[in-house]
Every structure is written in structure tokens, then in C-alpha cells.
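One-letter residues, chain by chain:
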Amino acid sequence: MFRQKKYKEAKDWIEKALKASDNQSATIVEHYGDIIFHLGDKAGALEHWKKALQLGEKSILLQKKINEGKYFE
């Protein structure tokens, strides 16, 4: 859904994944931030990107997203 730019649908599915999981995945949290960024919630995206970092995500792009406050592929 995300790659098809169907962000609302992607948000619905990723929220289900977050609710269904006992342990939050740093990757899923980062992707949730990506989705809500594209839906216009930049502050929420930054919050989730920081949370993904705290959960152990170590991607270089994640740090760049946090530092610059915008989405990178």
C-alpha cells in the first residue's frame, strides 16, 4: 500500500500490525512514522522515528529522517 501511495490504507494495516504484536518492532514503528509523514503528520512521524531509534533500529536513513525532519527512501 505504501509503495502504491495508498497511505490511508497503509496506515490502517500497520496500526493493526502494531496492535497485534506483543513486542513493538522498531522497523514497523519506523514505517508507521513514514506513513503518517506522508499523511501530513510531521510531528507524529518524528516522534515515531525517535521511538524506532530507541527500540534499536540502526538504519542510516532513520537518523537522517530524525536529523532533517523529513522522509528519505
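Shown above is the structure to which this text applies.
Along each chain, numbering runs from 1 in the same order as the chain's sequence is written. The predicted nature of this model means local features are confined to residues of pLDDT at least 70 and side-chain atom pairs, given and counted, to a pLDDT of 80 or more, with totals for whole chains, interfaces and linings taken over all residues. The basis for every side-chain value is the complete set of non-hydrogen atoms in the structure, without hydrogens or water.

Enquirer: Before we move on, can you summarise the overall build of the chain with the specific residues and values?
Expert: Secondary structure counts use DSSP, requiring at least four H or I residues in a row for a helix and at least two E residues in a row for a strand, with both numbered from the N terminus. Within the chain, the regular secondary structure consists of four helices and zero strands. For the chain, the succession of helices and strands along the chain, N to C, is α-α-α-α. For a compact globule of 73 residues, the expected C-alpha radius of gyration is about 11 Å, and the chain comes in at 11 Å, within 12% of that figure. On the principal axes, the C-alpha backbone points of the chain span a range of 25 × 25 × 20 Å. Out of the 73 residues in the chain, the part that is buried amounts to 33%. Radius of gyration here uses only the C-alpha atoms, and the compact-globule reference equals 2.2 Å multiplied by the residue count raised to the power 0.38. Remark: exposure states derive from per-residue accessible area (1.4 Å probe, protein chains only) relative to the maximum for the residue type, with buried under 20%, exposed over 50%, and partly exposed in between.

Enquirer: How would you summarise helix α3 (residues 42-54) if you had to cite specific residues and measurements?
Expert: Expected span, for any helix, means 1.5 Å times one less than how many residues it has. Helix length check: α3, at 13 residues, gives a terminal C-alpha distance of 18 Å against a target of 18 Å (1.5 Å per residue), a fit within 8%. Turning to α3, its buried residues number three or more, namely Gly44, Ala45, His48, Trp49 and Ala52. On an axial view of α3, the arc spanned by its buried residues comes to 135 degrees, and they lie on one face. For α3, exposure combined with an orientation more than 90 degrees from the buried face picks out Ala43, Glu47 and Gln54. In the stretch just after α3, Gly56 is the one whose phi turns positive, near 115 degrees. Within this analysis, the arc is defined by the directions that extend from the helix axis to the C-beta atoms.

Purely spatial values, then, with no claim about function.
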